[in-house]
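# Per-entry structural report
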Amino acid sequence: MSPKRILQINSSMMGDQSYSKKLGNAIVTKIMEKYPNSTTEQLDLVEMHMPHLTPETLQAMFTPAEHQTDEARALLGLSDKLVKQLFESDILVIGAPLINRTIHTSLKTWIDHITRRGVTFGYGTDGLPMGLVSGKKVYVAMSSGGVYTDAQGEANDFVAPYLRNFLGFLGMADVTVFRAEGVHVPVLQDTALQNGINSIVID
Ligand SMILES: Cc1cc2nc3c(=O)[nH]c(=O)nc-3n(C[C@H](O)[C@H](O)[C@H](O)COP(=O)(O)O)c2cc1C
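Here the residue numbering is sequential within each chain, running from 1 through the sequence in written order. Per-residue local features are limited, in this predicted model, to residues with pLDDT of at least 70; the limit for side-chain atom pairs, both in listing and counting, is 80 or more; totals at the level of whole chains, interfaces and linings are taken over all residues. Only heavy atoms go into the side-chain values, all of them from the structure, while hydrogens and water stay out.

- As annotated in an unreviewed UniProt entry, the chain carries the name FMN dependent NADH:quinone oxidoreductase and is attributed to Flavobacterium noncentrifugens.
- On record in UniProt, under Sequence similarities (unreviewed entry), the comment for the chain is "Belongs to the azoreductase type 1 family."
- UniProt positions are given in the numbering used here, feature names are shortened, and annotations may be inferred rather than shown by experiment. Checking UniProt for the chain, the heading Subunit (unreviewed entry) contains the comment "Homodimer."

### Some points on the UniProt feature "binding site: FMN" (unreviewed entry) in the chain
- The feature "binding site: FMN" (unreviewed entry), as given by UniProt, occupies S12, S18, Y19, S20, S143, S144, G145 and G146 in the numbering adopted here. For the largest pocket, the lining residues drawn from the annotated set are S12, S18, Y19, S20, S143, S144 and G145.
- Assessed through its relative accessible area of 1%, S18 is described here as buried.
- Contacts: residue pairs with any heavy atoms within 4.5 Å of one another. When neighbours within four sequence positions are excluded, S18 is seen to be in contact with N10 and S12.
- One polar contact links S18 to S20, side chain to side chain, over a distance of 3.1 Å.
- Position of G146 relative to the elements: it lies in the loop between β6 (137–144) and α6 (151–154).
- For G146, a relative accessible area of 21% gives the class partly exposed. A pocket here means an open set of points on a 1 Å grid, computed over the protein atoms alone, that has protein on both sides within 12 Å along at least five of seven lines. A cavity is instead a set of points where a 1.4 Å probe fits but cannot get out; residues with an atom within 4 Å of a point line either one. Think of it in three bands: with a 1.4 Å probe and only protein chains considered, a residue is buried below 20% of the maximum accessible area for its type, exposed above 50%, and partly exposed in between. Pairs of N or O atoms are called polar contacts if they sit within 3.5 Å, as long as, within protein, a hydrogen donor faces a hydrogen acceptor (for residues adjacent in sequence, only side-chain-to-side-chain pairs). Put simply, DSSP marks the helices as runs of H or I at least four residues long and the strands as runs of E at least two long, and each gets a number from the N terminus on.

### Quick notes on the pattern of salt bridges
- Salt bridges are defined by distance alone: a side-chain nitrogen of Lys or Arg within 4 Å of a carboxyl oxygen of Asp or Glu. All chains considered together, the criterion is met by nine salt bridges.
- Note that K137 and D174 form a salt bridge whose closest N and O atoms lie 2.8 Å from each other. Residue K137 is found in strand β6, and its partner D174 is found in the loop between α7 (160–169) and β7 (175–181); the two are separated by 37 residues along the sequence.
- The buried category is assigned to K137, whose relative accessible area is 9%.
- D174 gets classed as partly exposed once you look at its relative accessible area, which sits at 39%.
- Note that D203 and K137 form a salt bridge whose closest N and O atoms lie 3.3 Å from each other. Of this pair, D203 sits in the segment after α8 (192–198) while K137 is found in strand β6, placing the two residues 66 residues apart along the sequence.
- Given a relative accessible area of 52%, D203 falls into the exposed group.
- Salt bridges here are not isolated pairs; linked through shared partners, they connect K137, D174 and D203.

### So, the layout of surface pockets
- Approximately 260 Å³ is the volume found for the largest pocket.
- Residue lining of the largest pocket: 16 residues in total, with M14, Y19, P97, S143 and H184 positioned closest to the centre.
- When contributions to the lining of the largest pocket are tallied by element, the ones reaching two or more residues are α1 (19–34) and β6.
- Side-chain classes are defined by residue name, with Ala, Val, Leu, Ile, Met, Phe, Trp, Tyr, Cys and Pro counting as nonpolar, Asp, Glu, Lys and Arg as charged, and the others, Gly among them, as polar. Split by residue class, the lining of the largest pocket holds seven nonpolar, nine polar and no charged. Grid points are joined across faces, edges and corners, and a volume is the space filled by probe spheres set on the points.

### A few points about the side chain of Q8
- You can see Q8 is positioned in strand β1 (residues 5–10).
- A distance of 2.9 Å separates the side chain of Q8 from the side chain of Q42, its partner in a polar contact.
- Not counting residues within four places of it along the chain, the set of residues in contact with Q8 comprises K21, G24, N25, V28, T40, E41, Q42, L43 and V93.

### Re the sheet that holds strand β3 (residues 91–97)
- In this analysis, strands are considered paired if DSSP registers two or more bridges between them. The strand order across the open sheet formed by five strands is β2-β1-β3-β6-β7, and the pairing between neighbours is parallel. Where the open sheet ends on each side, the last strands, each with one partner, are β2 (39–44) and β7. With direction set aside, neighbouring strand axes in the sheet form an average angle of 15 degrees.
- Inter-axis angles, ranging from 0 to 180 degrees, are taken between N-to-C directions of lines fitted to C-alpha atoms, where helices are fitted over the stretch in contact. Across the sheet, helix α4 (residues 77–87) touches β1, β2 and β3, and the angle it forms with β2 is around 150 degrees.
- Strands β1, β2 and β3 of the sheet are contacted by helix α5 (residues 105–114), whose axis makes an angle of about 140 degrees with β3.

### A word on the site of the ligand
- We define proximity as follows: a residue is near a molecule or strand when any one of its heavy atoms falls within 4 Å of that partner. Near the ligand, the surroundings consist of 17 residues, among which S12, S18, S20, L98 and S143 are the closest.
- Within the backbone of R101, a nitrogen or oxygen atom sits 2.9 Å from an oxygen atom of the ligand.
- Between the ligand and the protein, one listed contact pairs an oxygen atom with a side-chain N or O atom of S143 at 2.7 Å.
- Elements supplying a minimum of two residues to the shell around the ligand: α1 and β6.
- Of the residues that constitute the shell around the ligand, the class distribution is seven nonpolar, nine polar and one charged.

What follows is the structure, encoded as structure tokens:
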């Protein structure tokens, strides 16, 4: 098996106590077992205080490269770096804690920075959107206080469907979600992480 370049993304506010990070670490370990000599790059979106898009950065994104000023190019520096990091990875392991029914804002902001027309998505001759980030495998390490895999929970899970949908829009259609769920449910909290780890299968 040829080695892979793994990009591990963390968006938890809980530091090393984070369930999504621990689950993500277990996913990375299993990927390394399957693909020896793989490399891992860490991207901690909370630690780096991922900045929101500003009106100026957005304008720079909308400006064709040949018309960009030095200032506009500088504003796009972070986005360019994140896009390059994404393209240079083979496998993404995305830690996604469920926060107020959805993903943490740092993860949403990462998505905002990597979503670039003409770079990570475009439009085909039929006018339909076309993802330009191809050939990636994505594993999502999701953690949640409650349970979102039963019938009632599924209707309230906006994390897995959103990530599948939007990563798919960018061309990353191969998304597998593993969960440490029920970490705040008394009868589940002691086993939630281990159950998530036990469910990991690397394909
Ligand atoms: C601000 C905040 C909001 C949360 N909102 C939800 C929620 O809407 N639903 C839920 O099931 N758990 C919720 N939780 C619990 C987290 O999903 C749970 O603590 C999870 O382990 C967080 O991931 P982490 O340990 O990787 O940080 C919330 C936690 C925090 C801190």
